[in-house]
Amino acid sequence: MKLCIGEKLKYHRRQKGLTQEEVATHVGISFQAISKWERGEGYPDITMLPTLANYFGITVDELIGMEEIASQKAYDEMNRTWKENHYQGKHPANVKLMREGLKRYPNDALLLVQLSTSLEKLDGTEAEKEANLRESVLLQEEILRGADSEVRSATLYNICFAYEKLGEHEKALEAAKKLPNFYKTRENALVSLAKGEEKHHAALCALTPIAYAISHHLTALAETEGETGYLDKIEKIHEILFDKISQEEAKAIWMDAQK
């Protein structure tokens, strides 16, 4: 559990227009201690908390940041529930869960992604599926307007196929062209920067998506050229890539890398 004492101290000190030295003098400690706490490099002794809280005119719970801690705990629990429901195919429950979550955490990118994903998994009539898909696209377009780079890349990838399902082929291609290429990826950077066992693990984690990409593109060549020999190459490449580990082990490594 991460306490918010440092952030709270800094906030209330600045609200009162005080320096670290002034606060330290009033409560009888060194300003170096205040500086250390505000940097998040430690916490005050428990016996000091009431003194600090009284000085700023707040409760100890507020100084610790109990409201923020409770909010983060609720947020983490909600996302854990979403994952469990997702693996169990409980997509209607996840749609309801994410709608409620967005009331408490408006415009949260992760919740928007999870709502979008759940909407596309819902069963129903063709009209209902199309309505859910269109809502999913609207959510993804909202994400793309303000998400961080990692969420943005994942959303760009997903929205390509959502547009294609809606028959908006040009939009699908436009989104696809904005995706990063093979070279500037997390996997390539990690393999280049890591050392020893970490480097070995990074290389293994990259094998499964590489195998998928190779299979995907060779299959495309087989379809467009009418040449079935490409399919034989896929099997040989898999044998080479997974020579020392089983397909099950490779999948487990890949799933672990996504956590």
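First things first, this report covers the structure right here in the doc.

**A short note on unusual backbone geometry**
And then number 1: For Asn107, which is not glycine, the phi torsion reads 65° and is therefore positive.
And then number 2: Examined against the element boundaries, Asn107 turns out to sit in the loop between helix H7 (91–104) and helix H8 (109–121).

**Observations concerning the side chain of Asn79**
And then number 1: Residue placement: Asn79 occurs in helix H6 (residues 66–87).
And then number 2: In this structure Asn79 comes out as buried when scored by relative accessible area, which is 8%.
And then number 3: Once you skip the residues sitting within four places of it in the chain, Asn79 turns out to touch Leu110, Leu111 and Gln114.

**Describing a nonpolar patch on the surface**
And then number 1: A cluster of nonpolar residues, Tyr157, Phe161 and Tyr212, forms a patch on the protein surface that exposes about 340 Å² of accessible area.
And then number 2: With relative accessibility at 40%, the residue Tyr157 sits in the partly exposed group.

**Some details on the packing of helix H2 (residues 20–27) against helix H4 (residues 49–56)**
If you want to describe how two helices pack, look at the angle between their axes and the distance between the axes.
And then number 1: As a packed pair, H2 and H4 sit with axes 11 Å apart at the nearest point and diverge in direction by 120°. For the element pair H2 and H4, the recorded crossing hand is right-handed. Here H2 contributes Glu22, Val23, His26 and Val27 to the contact with H4, which in turn contributes Thr51, Leu52, Tyr55 and Phe56.
And then number 2: In terms of residue class, the contact of H2 with H4 is made up of 5 nonpolar, 2 polar and 1 charged.

**Some details on the packing of H7 against H8**
And then number 1: H8 packs onto H7 with a crossing angle of 150° between their chain directions and a minimal axis gap of 9 Å. When the axes of H7 and H8 are compared, the pair comes out roughly antiparallel. Pair H7 / H8 crosses with left-handed handedness. Seen from H7, the contacting residues are His91, Asn94, Val95, Met98, Arg99, Gly101 and Leu102; seen from H8, they are Leu111, Leu112, Gln114, Leu115, Ser118, Leu119 and Lys121.
And then number 2: Here the contact of H7 with H8 is composed, by residue class, of 7 nonpolar, 5 polar and 2 charged.

**Let's talk about the nonpolar core**
And then number 1: Ranked by size, the top nonpolar core spans 19 residues in total, and within it Ile5, Leu9, Trp37, Leu52, Leu63 and Ile64 carry the most contacts.
And then number 2: Elements represented by at least two residues in this core include exactly helix H1 (5–15), H2, helix H3 (31–38), H4 and helix H5 (60–64).
And then number 3: Take this core: its biggest share by element is 4 residues, from H4.
And then number 4: Excluding residues that lie within four positions of it along the chain, Leu9 makes contacts with Trp37, Glu38, Leu52, Phe56 and Leu63.
And then number 5: Counting residues in hydrophobic clusters, the runner-up holds 15 residues, among them Leu111, Leu112, Leu122 and Ile143.

What counts as what
- Residues numbered from 1 in each chain as written.
- Predicted model: local features only at pLDDT ≥ 70, side-chain atom pairs only at ≥ 80, totals over all residues.
- Heavy atoms only, no water.
- Helix = DSSP H or I, 4+ residues; strand = E, 2+ residues; numbered from the N terminus.
- Buried < 20%, exposed > 50% of the residue type's maximum accessible area, 1.4 Å probe, protein only.
- Contact = heavy atoms within 4.5 Å.
- Patch = residues over 30% accessible without salt bridge, like charges linked within 9 Å, V, L, I, M, F, W, Y side chains within 5 Å.
- Areas by Shrake-Rupley, 256 points an atom, 1.4 Å probe, with all protein chains shown as cover.
- Salt bridge = Lys/Arg side-chain N within 4 Å of Asp/Glu carboxyl O.
- Axes fitted to C-alpha atoms, helices over the stretch in contact; angles between N-to-C directions.
- Left-handed = near helix turned anticlockwise from the far one by under 90°.
- Nonpolar A, V, L, I, M, F, W, Y, C, P; charged D, E, K, R; others polar.
- Parallel < 35°, antiparallel > 145°, perpendicular 65-115°, else oblique.
- Core = buried A, V, L, I, M, F, W, Y, C linked by side-chain atoms within 4.5 Å.

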